[in-house]
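# Coordinates in review
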Amino acid sequence: MISEQTSDIKEFIDGKWFPEDYCSLHAVEFFIYSLKNKKADTIKELVNLYDTHGYREQMVNSQKEIIRNQDIIIDNQYEQIRNIREIKGELRTANVLNVANFALNAANNRLLQESNAIGRSNSRILNSINNRLR
């Protein structure tokens, strides 16, 4: 087993064998770091460790994006709450004005009825006067 690991590392260092899908500066640096810090002993372990690390990095980035989106949603909800409160105040004002208009309309209707009654009364008086003058 040790001789196999030594052979794998020697092939890795000599450049005789390197995983084709991992020919990037980031992968090579990660492999070197992992070997120096004894996180892996074989090429297979390096590849699996690199893949696992990449997957975890993607998950963390995805979770950060989800959190950013949730923050945007929360900000939007606060804005909606502010808008609803503003609309609520405007509706209160509109309701007060509607009640005042209702009261004014009722008063106008009473005045109109009184005016009509006076007009009918005046009309009867005028008719009576006209009948006497004839």
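Placed above this text is the structure.
Within any chain, residue numbers begin from 1 and follow the written order of that chain's sequence. Given that the model is predicted, a residue must reach a pLDDT of at least 70 before its local features are reported, and side-chain atom pairs must reach 80 or more before they are shown or counted; all residues, however, enter totals for whole chains, interfaces and linings. The side-chain values count all of the structure's non-hydrogen atoms but skip hydrogen atoms and water molecules.

Right, let's get into the overall build of the protein. Secondary structure counts use DSSP, requiring at least four H or I residues in a row for a helix and at least two E residues in a row for a strand, with both numbered from the N terminus. Across its full length, the protein holds three helices and zero strands. Here the term buried applies to any residue with accessible area under 20% of the maximum for its type, exposed to any over 50%, and partly exposed to those in between, with areas from a 1.4 Å probe on protein chains only. The buried share of the protein, taken over its 134 residues, is 10%. Sequence-distant contacts, at least 24 apart, represent 38% of the contacts inside the protein between residues at least 6 apart. By definition in these notes, contact holds between two residues if any of their heavy atoms fall within 4.5 Å.

As for its placement among the helices and strands, Phe31 is situated in helix H2 (residues 25–36). Overall, the relative accessible area of 0% leaves Phe31 in the buried class. Placed 16 residues apart in sequence, Phe31 and Val47 show a C-alpha to C-alpha distance of 8.0 Å.

Right, let's get into the packing of H2 against helix H3 (residues 43–133). Where H2 meets H3, the axes come as close as 10 Å, and the angle between the chain directions of the two elements is 115°. H3 is crossed by H2, and the crossing has right-handed handedness. Where H2 abuts H3, its residues His26, Ala27, Phe30, Phe31, Ser34 and Leu35 lie against Leu46, Val47, Leu49, Tyr50 and His53. For helices, the fitted line uses only the C-alpha atoms of the stretch in contact; every axis is such a line through C-alpha atoms, and the angle between N-to-C directions lies from 0 to 180 degrees. Definitions for this section: a left-handed crossing has its near helix turned counterclockwise from the far helix by less than a right angle. A right-handed crossing has that turn clockwise.

All right, on to the packing of aromatic side chains then. Planes of paired rings set the category: under 30 degrees apart is stacked, over 60 is edge-to-face and the rest tilted, where pairs are Phe, Tyr or Trp rings (Trp by its six-membered ring) whose centres lie within 6.5 Å. Summed over the entire model, instances satisfying the criterion amount to four aromatic pairs. When the centroid spacing of 5.6 Å and the interplanar angle of 85° are considered together, the rings of Tyr22 and Tyr50 count as edge-to-face. Placement of Tyr22 in the loop between helix H1 (2–14) and H2 and of Tyr50 in helix H3 is noted, with a sequence separation of 28 residues between them. Each of the two residues, Tyr22 as well as Tyr50, counts as buried. Here the aromatic residues Tyr22, Phe30, Phe31 and Tyr50 are joined through ring pairs into a cluster of three or more.

The salt bridge definition used is simple: a Lys or Arg side-chain nitrogen within 4 Å of an Asp or Glu carboxyl oxygen. With the rule as written, the count across this model stands at two salt bridges. In this structure, Arg68 engages Glu65 in a salt bridge whose closest nitrogen and oxygen atoms are separated by 2.6 Å. Highlighted residues: Arg68 and Glu65, both in helix H3, separated by three residues, approximately one helical turn. For Arg68, a relative accessible area of 45% translates into the label partly exposed. Owing to a relative accessible area of 35%, Glu65 belongs among the partly exposed residues under this scheme.

What is meant by a nonpolar core is a set of buried Ala, Val, Leu, Ile, Met, Phe, Trp, Tyr and Cys residues, joined one to another through side-chain atoms within 4.5 Å. The biggest cluster of nonpolar side chains holds nine residues, and these are Tyr22, Ala27, Phe30, Phe31, Ala40, Ile43, Leu46, Val47 and Tyr50. Of all elements in the fold, only H2 and H3 reach the threshold of two or more residues within this core. Ranked by the residues each element gives to this core, the list is headed by H3, at four residues. If sequence neighbours within four positions are ignored, Ala40 has contacts with Ser34, Leu35, Glu45, Leu46 and Leu49.

Spanning twelve residues, H2 covers 16 Å between terminal C-alpha atoms, matching the ideal 16 Å at 1.5 Å per step. The first or second residue beyond H2 is Lys38, which carries a positive phi of 55°. Multiply 1.5 Å by the residue count of a helix minus one, and that product is the helix's expected span.

Together, Ile125, Leu126, Ile129 and Leu133 line one region of the surface with nonpolar side chains, adding up to about 420 Å² of accessible area. Structurally, Ile125 can be placed in helix H3. Overall, Ile125 belongs to the partly exposed group, its relative accessible area being 47%. Patch membership requires over 30% relative accessible area and the absence of a salt bridge. Like charges are linked within 9 Å, and nonpolar side chains (Val, Leu, Ile, Met, Phe, Trp, Tyr) within 5 Å. What sets the accessible areas is the Shrake-Rupley method with a 1.4 Å probe; for residues, cover comes only from the shown protein chains.

So yeah, pure geometry; function would need other evidence.
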